[in-house]
Every structure is written in C-alpha cells, then in structure tokens.
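# Observations on the model geometry
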Amino acid sequence: MDFLRWLIEAFNSQIAIGSSALLVREVVGNIFGLASAVGGMRRKVWAWPVGIIGNLLLLTVFLGSLFDTGYTANLWGQAGRQIMFIAVSVFGWYRWKQAKNGTGHAVTPQWASNKTRIALVAILVLGTVALTPLFRILGSYEPVWADAWTFVGSLLATYGMAKGWVEFWLIWVAVDAVGVPLLFSAGYYASAFMYLFYGAFTLIGFFVWAKSKREEKPRIETELPDPRISQQRSGGA
C-alpha cells in the first residue's frame, strides 16, 4: 500500500515555478520523447520503445480535466496523437528490427519520391480540414485547427520515420511551428519548451539523415556468377 500511495503521489507530483507548476510526468514524458528523437536520428531500434513510454505519460497529461492534472484545457489532438504514436511506433519498431544490420543501424535513409511528397502535403492539409470540426465537437482548445494540424502532421512524421524517409524531419518542423504556440497558449509550458527545442533538433536530424543518404555507398555485386548457370545458358543457346 505504501508503494502504491507513493506511486500515485509521484504520478501527480508537480514542480513549482513561480506562480505556476509543472507536472513531473509531463517533464519526464517529454524527456523520453527527446531520447526517442535522439535514437531516431542515430537510427537505433531502442528509439521506438522509449518513445512509447513517453507517449503513455503524455497521454494522461493532455487530457487534463479527465485525469485531474490541474489543466483545464483538453487537447484532443495532442492526446489522440499519443495513441497514434504508440500504434505507429509498434509498426516502426517491428520494421526497424527486421531491417537492422550489423552496425546497429535500423534503416538506410532515403528520399521520398515527388509523388509521395505531394501526397504527404495533401494529406496534411486535407486531414487538418477534416478533423478540425470533430475536435471542436469534442471540445478541443482553440484554435482547434492547430490541434488537428499537429495530430495529422505527427502521424505523417512518425510513419515517415518508420519508412526511412529523410523528409519526415521537415514534417516535424511544420508540426512544431504550429504546436509550440498552441501549447504555450493552453498552459502546457513544459511541452511547449520541449517542442521549441525539438524545432532546432529536427533541423539537425534532417541534415544528419540527408548527409547519411548522400554518403551512402552504392552496393557492388562481389559474388562470382555460378558457372553451372553460365553453362546452362550456353547449352540453351
């Protein structure tokens, strides 16, 4: 019972900052998210399970009124994307484990095709337009379109990371550009400051992945042809 009581107190503990306070689990959840981003930049498989832990913590944060966190603003897009993160992270975790090579890297960065880029932009815009009315009905914090934008963009960025597209870092930049002002206005200061840092970090990640793609050496066939196949072809001719 003492451990359970301590766990509940730790779950709801806050850090006093002036006249306001930050939830410890909001800070810890974002730290796990940052660690996952670092692992993703280095193409490490452990980035996925670490990110899932952070998503679970932040899910309870963004539904402030439901979990009695002291936050009155529910961000359904932010909360919903934590669930989406977990689902897509399972896919990414599985895919990166399959692709993992001897150096410990999970995927080889690649540029998305022009067709894919157009599709990503279209889905981001149309998805935002489609989800904004739904989030408004659910009572999401205004401006609701910003909440929808961060949700759709996060889905695309996480999927792009799982696929190994270099452009997924730029999608995160677009998400942070809208998400940071939204989080500040809603009072989620720890997440806002962390996402502000993410903005700079994602640009670094983009150039790191782009450099890895640029320096990728072409594969060269080093195995000698099977002489039996050559003989069969000669005989058939």
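Residues numbered from 1 in each chain as written. Predicted model: local features only at pLDDT ≥ 70, side-chain atom pairs only at ≥ 80, totals over all residues. Heavy atoms only, no water.

### Comments concerning the overall build of the chain
What the chain contains, in helices and strands, is 9 helices and 2 strands. Along its sequence from the N terminus, the chain presents helices and strands in the succession α-β-β-α-α-α-α-α-α-α-α. Counting only contacts in the chain whose residues sit at least 6 apart along the sequence, the fraction spanning at least 24 positions is 70%. Just so you have it, the chain exposes about 13,200 Å², and 68% of that area is on carbon and sulfur atoms. (Helix = DSSP H or I, 4+ residues; strand = E, 2+ residues; numbered from the N terminus. Contact = heavy atoms within 4.5 Å. Areas by Shrake-Rupley, 256 points an atom, 1.4 Å probe, with all protein chains shown as cover.)

### Notes on empty space enclosed by the protein
If a probe the size of a water molecule is rolled over the atoms, the empty space left behind becomes visible. In total, this model carries 1 cavity of 30 Å³ or more according to the counting rule given. By volume, the largest cavity is sized at about 430 Å³. Together, 24 residues line the largest cavity, and Gly33, Ser36, Ala37, Phe85 and Trp172 are the ones closest to its centre. Only helix H2 (24-41), helix H3 (47-62), helix H4 (76-99), helix H6 (144-163), helix H7 (168-186) and helix H8 (189-214) provide two or more residues apiece to the lining of the largest cavity. Here the lining of the largest cavity takes 6 residues from H3, the largest share from any one element. (1 Å grid on protein atoms, 1.4 Å probe; cavity = no way out; pocket = protein on both sides within 12 Å on 5 of 7 lines; lining within 4 Å. Points joined across faces, edges and corners; volume = space filled by probe spheres on them.)

### Some words on a nonpolar patch on the surface
A contiguous nonpolar patch, built from Val121, Val125, Leu126 and Val129 and spanning about 380 Å² of accessible area, is present on the exposed surface. As for its position among the elements, valine 121 is in helix H5 (residues 114-138). Assessed through its relative accessible area of 52%, valine 121 is described here as exposed. (Patch = residues over 30% accessible without salt bridge, like charges linked within 9 Å, V, L, I, M, F, W, Y side chains within 5 Å. Salt bridge = Lys/Arg side-chain N within 4 Å of Asp/Glu carboxyl O. Buried < 20%, exposed > 50% of the residue type's maximum accessible area, 1.4 Å probe, protein only.)

### Quick look at the packing of aromatic side chains
In the structure shown here, the tally under the stated rule is 8 aromatic pairs. Relative to phenylalanine 206, the ring of tryptophan 111 has its centre 6.0 Å away and its plane inclined at 70 degrees; by these criteria the two rings are edge-to-face. One end of the pair, tryptophan 111, is in the loop between H4 and H5; the other, phenylalanine 206, is in helix H8, and 95 residues separate them in sequence. Relative to tryptophan 165, the ring of tyrosine 159 lies with its centre 5.8 Å away and its plane at 75 degrees, an arrangement referred to as edge-to-face. Taking the relative accessible area as the measure of exposure, tyrosine 159 reaches 35% and is therefore partly exposed. For tryptophan 165, a relative accessible area of 13% puts it in the buried group. (Phe/Tyr/Trp six-rings, centres within 6.5 Å; stacked < 30°, edge-to-face > 60°.)

### Looking at the environment of phenylalanine 62
Here phenylalanine 62 lies in helix H3. For the pair phenylalanine 62 and tyrosine 188, spaced 126 residues apart in sequence, the C-alpha separation works out to 8.3 Å.

### Describing the side chain of threonine 128
When you line up the elements, threonine 128 lands in helix H5. With relative accessibility at 6%, the residue threonine 128 sits in the buried group. Here the side chain of threonine 128 touches leucine 124 through a polar contact of 2.7 Å, landing on its backbone oxygen. (Polar contact = N/O pair within 3.5 Å; in protein donor to acceptor, adjacent residues only side chain to side chain.)

### A look at the confidence of the model for the chain
Taken as a whole, the chain shows an average pLDDT of 75; of its residues, 70% reach a score of 70 or greater. The lowest-confidence element of the chain is helix H9 (residues 227-236), averaging 48 in pLDDT; the highest-confidence one is H5, averaging 93. Across residues 218-231, where pLDDT falls below 50, the model places 0 contacts with residues more than four positions away in sequence or in other chains. (pLDDT = per-residue confidence, 0-100.)

### Some thoughts on the layout of surface pockets
The volume enclosed by the largest pocket comes to roughly 180 Å³. Lining the largest pocket, in full, are Arg117, Leu120, Val121, Leu124, Leu156, Glu167, Leu170, Ile171 and Ala174. When contributions to the lining of the largest pocket are tallied by element, the ones reaching two or more residues are H5 and H7. Looking at the lining of the largest pocket, the element that brings in the most residues is H5, giving 4 residues. Considering only residue class, the lining of the largest pocket consists of 7 nonpolar, no polar and 2 charged. (Nonpolar A, V, L, I, M, F, W, Y, C, P; charged D, E, K, R; others polar.)

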